[in-house]
Amino acid sequence: MKFKSLCCVLAAIFITAFGYAQGSRVGKQITVTGKVIDSDTSEPLEFATLVLQSIDDPNLVTGGITDQHGVFKVDAPAGKYNVKVEFISYRPFSVNNQSLTSDKDFGTIELAIDVAQLDAVEVVGEKTTVEVRLDKKVYNLGKDLTTSGATVTDALNNVPSVTVDVEGAISLRGNENVRILINGKPSAMAGFGSTDALKQLPADAIEKVEVITSPSARYDAEGTAGILNIVLKKEKTLGLNGSVSLNAGYPSTSSISANLNLRTDKFNVFTTLGHFYREPPGQAHFDNHYFGESKFSRVLEDREMNRKNTGFNINLGMEYFLTDRSSITASVFTRLSDEEDNTKNFTTRYIDTSIDSKTLREEQEKQDDKSYQISLNYTNHFNDEGHKLTADFQYSNDDETNNTNVFENQTFPNQAYVDRERVFETDVEDEYLIQADYVLPMGDAQFEAGYRGDFEHSKNDYQLSRYNPETDEYSVDYGLTNIFDYEENVNAVYTQYGNKFGKFSFLLGLRLENTQLKGKVTSDLTNEQLMDTLGFNFDPDFDKNYLDLFPTVNLTYELGENENISLGYNRRINRPRGWFINPFPSRSSRTNIFQGNPDLNPAFADAFDLGYLKRWEDLTLTSSIYYQRETESFDRVQRQTGQQTSDGIDIISTIPINLSTNQRYGGEIGLMYGGIDWLQLNGSFNLFKSKTDGEYEGVDYGAENTSWFSRLSAKVKLPARVDWQTNAFYMGPRENSQTKSDGMLSLNMAVSKDIMGDNATISMNVSDLLNTRKRNSFTQSYNEFGDLSFTSDSEFQWRERQFTVSFVYRFNQSKNDRMRNRQNNNNDMEQDGGGFQG
């Protein structure tokens, strides 16, 4: 194994330290400045090394490294020097016998690729590295074998601080109120109010993931847990290049995807496209016990889920370079998917300990989903120092149609008809986004200001028809047939200022947001009839308006060259949306239903984060402790509705509510080790505690929960150039106001081998090797008198163990090229990620 990929950074550390030691012997100090860029792409090169070798004193060596903009600024004693600028895999720039008696600006230095060195380079792009900035951690996803042929959701589950539950819900530090962005913006790629769309995007489309637990004012204030910004690949290499991936597995799954790029001096065309077919089986079990005057004392429900999902997605874009400093980028994203879900519910009812009856409920659902997105971006770099203006426009549309047939029949003690239903549902969502950002560097300082307008409208049209066995016809149930219109309009302006004084950096920001939430239920029922039918009171025609300030503070102090501490504060908002506010119940079960709550108000949170980073030659340590206080926090409670099915079963409803105050505090630690040629280790541990205070309908739902999660990844290089990787994840036991959930273990394993002259890779992986990725929960509900009304013991598994074989072929893009591409891409999305780096 060659360590040349680390030489630049290590050399810079050495020469800087050595230079300081020598500097005390010399009088006058001068400042040497300049900028280093790629000669082909004009992209800045971060971590390029400047070496100043004194001619007068051979023992005097000083220098430094470039920042994210490719800029270096080094103080040195006045004198004569040989000057060299180096970057891995590039031909060095050298000028000798330079008399530096006053400040010197070398201007822009262009470095060209040294093709002869490429084969000797260790590909750092295969590792997952972390960059810590004032307002975020950036994880550059390397060659993760366990996500080959997988989705974006699977890849996120390997990112420190992030967890993905069995249903695909994404959490940050154990908190589900996280905002998902694509390339720095809300996007149809991530779905509208749901993360289901991420299950359809290939994991190999990801360049990096930004974990933003203390977002600066540039970011939308949405998401009390923080923000996950998924940055997609956009190559910068001249010419035509890309990769094609083929995947197949069991239970039945197959996919093909391609990443293609064509770059010239005037334009850059990029695309990611893919097609998939999956049949992921799942299962669930519910054991409900009823107390009081219920007809049945116990109801068992076993649920089998068989799904067939097919889909196609394409993201096609072009960046046109108007001048050397300005460009326009346009892109179109389309996702088409068809899903066929067949769910069977086997229900057994008990009176005391005797079986009273059994039924089979079968739900056949066909879903057609079409998503479109058009994006335009204008970027103007006024100079090479980071002074720039960006403007964005984005339109997204999602059109989803569901046709569902439900059949329920009694199977014991005799065969009998119970119920038949037909559901036709359309859900159309439109979103417009307008954004402008201005960045003005002022020496070591930086000023930013901007505007964002986000305007969303959704319309859910739901029609339920019931079968009449006497007439052998279906008739519309006007009690549950409805139209639900919802609008969310957010206008925001922000400003922030960052500066650096020696080892201390700060970024202060303020964001002003105006939020309008409007919703209207259209039904043939009167408002009073509507409340009686749905079982709770709410405003069917609401219009809420909020004007709020969201301050942010991010501080960093450098304890050493590779060691710092950081402190962050930010105020956040969590807006209710989607299925959380639609009051009409789901129909997957007659007895266990979910209903949204239109009366939900936004939740607000104040969050503090104290972090520590330390880098050694082969080891990186990241750690933090955090505290968050959230008011009007969301929580889901289960309750008896007071209604029964036609055969006398009590109906249990789950409803989200604003449950007063939630406090959450914890700590996390992460380690990355690569000091052994054949072994790479990544590990993290997160411990947190939450405390909830609040009551609903006279019942106290206060609760405390202490939980933790941990992950460990080991990658081993075996003989014959075979790589083996194992990822383990464990979520500790947790609980809320009503429900306790058991711990959950998940183990993924994969092997891969490069073939065809390293232009292709074949791999095999197993997701959830032990088939233990299941949620086991126990719920207790009490009435307003403090008496136990029912208990529910449940197990849920969304997807079973998966085996996948993958083949990836790269053309005009060797593995070594990807190291350089990753460097270029790290700078490419700064306009979307934003933030000041001290």
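Residues numbered from 1 in each chain as written. Predicted model: local features only at pLDDT ≥ 70, side-chain atom pairs only at ≥ 80, totals over all residues. Heavy atoms only, no water.

Across its full length, the protein chain carries five helices and 47 strands. Taken across its 838 residues, the protein chain has 56% of its residues classed as buried. Contacts spanning at least 24 positions in sequence make up 68% of the contacts within the protein chain whose residues lie at least 6 apart. (Helix = DSSP H or I, 4+ residues; strand = E, 2+ residues; numbered from the N terminus. Buried < 20%, exposed > 50% of the residue type's maximum accessible area, 1.4 Å probe, protein only. Contact = heavy atoms within 4.5 Å.)

Before going further, it helps to examine the nonpolar core. Ranked by internal contacts, the top residues of the largest apolar core, which has 24 residues, are Leu534 and Phe538. Looking at this core, the elements that each hand over two or more residues are β24 (445–468), β26 (482–501), β27 (504–522), α3 (527–534), β28 (541–560) and β34 (650–658). Ignoring anything within four residues of it in the chain, the contact list for Phe538 reads Val521, Leu530, Met531, Pro583, Pro598 and Asp599. Listed in part, the 22 residues of the second largest apolar core include Ile180, Ile182, Ala225 and Leu232. (Core = buried A, V, L, I, M, F, W, Y, C linked by side-chain atoms within 4.5 Å.)

This part takes up the packing of aromatic side chains. Tallied over the entire structure, the rule returns 16 aromatic pairs. One aromatic cluster is present, built from ring pairs that chain together Tyr497, Phe501, Phe504 and Phe506. The lysine or arginine in question, Lys104, covers the ring of Phe106, its NZ or CZ lying 5.4 Å from the ring centre. A cation over a ring is seen here: Arg307 above Trp798, with NZ or CZ 4.1 Å from the ring centre. (Phe/Tyr/Trp six-rings, centres within 6.5 Å; stacked < 30°, edge-to-face > 60°. Lys NZ or Arg CZ within 6 Å of the ring centre and 35° of its normal.)

Spatial strand order, β4-β1-β7: three strands in an open sheet with mixed pairing. Every other strand in the sheet has two partners, leaving β4 (71–77) and β7 (104–111) as the edge strands with one partner each. Direction aside, the axes of adjacent strands within the sheet are offset by 25° on average. Strand direction decides the pairing type here: strand β1 (residues 29–38) and β7, joined by six bridges, are parallel. Residue Lys35 lies in a different strand from β7, and its bridge partner there is Thr108. (Pairing = 2+ DSSP bridges. Axes fitted to C-alpha atoms, helices over the stretch in contact; angles between N-to-C directions.)

Per the counting criterion, the structure on display carries 23 salt bridges. The salt bridge involving Arg349 is made with Glu408; its shortest N-O contact spans 3.8 Å. Taken together, the residues Arg349 in strand β20 (residues 326–351) and Glu408 in strand β22 (residues 388–412) connect sequence positions 59 residues apart. Residues Lys614 and Glu563 are paired through a salt bridge, measuring 3.7 Å at the closest nitrogen-oxygen approach. Of this pair, Lys614 sits in strand β31 (residues 603–615) while Glu563 sits in strand β29 (residues 563–574); the two residues are 51 residues apart in sequence, bridging distant segments of the chain. Salt bridges linked by common partners bring Arg179, Asp220, Glu222, Asp454, Arg511, Glu513 and Arg575 together as one network. (Salt bridge = Lys/Arg side-chain N within 4 Å of Asp/Glu carboxyl O.)

The next thing to look at is unusual backbone geometry. With glycine set apart, most residues show a phi of negative sign, and most peptide bonds adopt trans. At the junction of Tyr250 and Pro251, the peptide bond is cis and its omega measures out at -5° in the coordinates. Structurally, the position occupied by Pro251 is in the loop between β15 (239–250) and β16 (253–263). Each neighbour pair has its own omega, and for Phe412 with Pro413 the value is 5°, a cis peptide bond. Along the chain, Pro413 turns up in the loop between β22 and β23 (416–442). At Asn97, a position not held by glycine, the phi torsion is positive, near 55°.

Looking now at the sheet that holds strand β6 (residues 93–100). In a beta sheet, neighbouring strands pair by backbone hydrogen bonds and run either parallel or antiparallel. With antiparallel pairing, the four strands of this open sheet are ordered in space as β3-β2-β5-β6. In this open sheet, the two edge strands, each paired with only one partner strand, are β3 (61–65) and β6. The mean inter-strand angle of the sheet, taken between neighbouring strand axes irrespective of direction, is 20°. Bridge count for strand β2 (residues 49–54) against strand β5 (residues 79–86) is six bridges, and the pairing is antiparallel. Within β5, the residue paired with Ser54 across the bridge is Tyr81.

Let us now look at the pairing of β23. As judged from the 23 bridges shared by β22 and β23, these two strands associate in the antiparallel manner. Within β23, the position partnered with Asn402 by the bridge is Glu425. Connecting β22 to the antiparallel partner β23 that follows it, the hairpin turn spans three residues. Across 22 bridges, the pairing between β23 and β24 is antiparallel.

A contiguous nonpolar surface patch, about 460 Å² in accessible area, is contributed by Leu718, Trp724, Val751, Ile762, Met764 and Val805. With respect to the helices, strands and loops of the structure, Leu718 is situated in strand β39 (residues 703–718). (Patch = residues over 30% accessible without salt bridge, like charges linked within 9 Å, V, L, I, M, F, W, Y side chains within 5 Å. Areas by Shrake-Rupley, 256 points an atom, 1.4 Å probe, with all protein chains shown as cover.)

As a general feature of sheets, a regular strand has side chains that alternate between the two faces. The buried count for strand β46 (residues 788–797) comes to seven of ten residues, which makes it a mostly enclosed element. Sheet topology note: the strand β18 (residues 282–290)/β46 ladder contains eight bridges and is antiparallel. When the sheet's bridge partners are listed, Asn288 is paired in β46 with Ser792. Taken together, strand β45 (residues 775–782) and the strand that follows it, β46, pair antiparallel across an intervening segment of five residues, in which Gly786 is found at a positive phi of about 85°.

Here we come to the environment of Gln628. Structurally, the position occupied by Gln628 is in strand β32 (residues 619–631). Gln628 gets classed as buried once you look at its relative accessible area, which sits at 7%. Between the alpha carbons of Gln628 and Gly666 there is a distance of 9.3 Å; along the sequence they are 38 residues apart.

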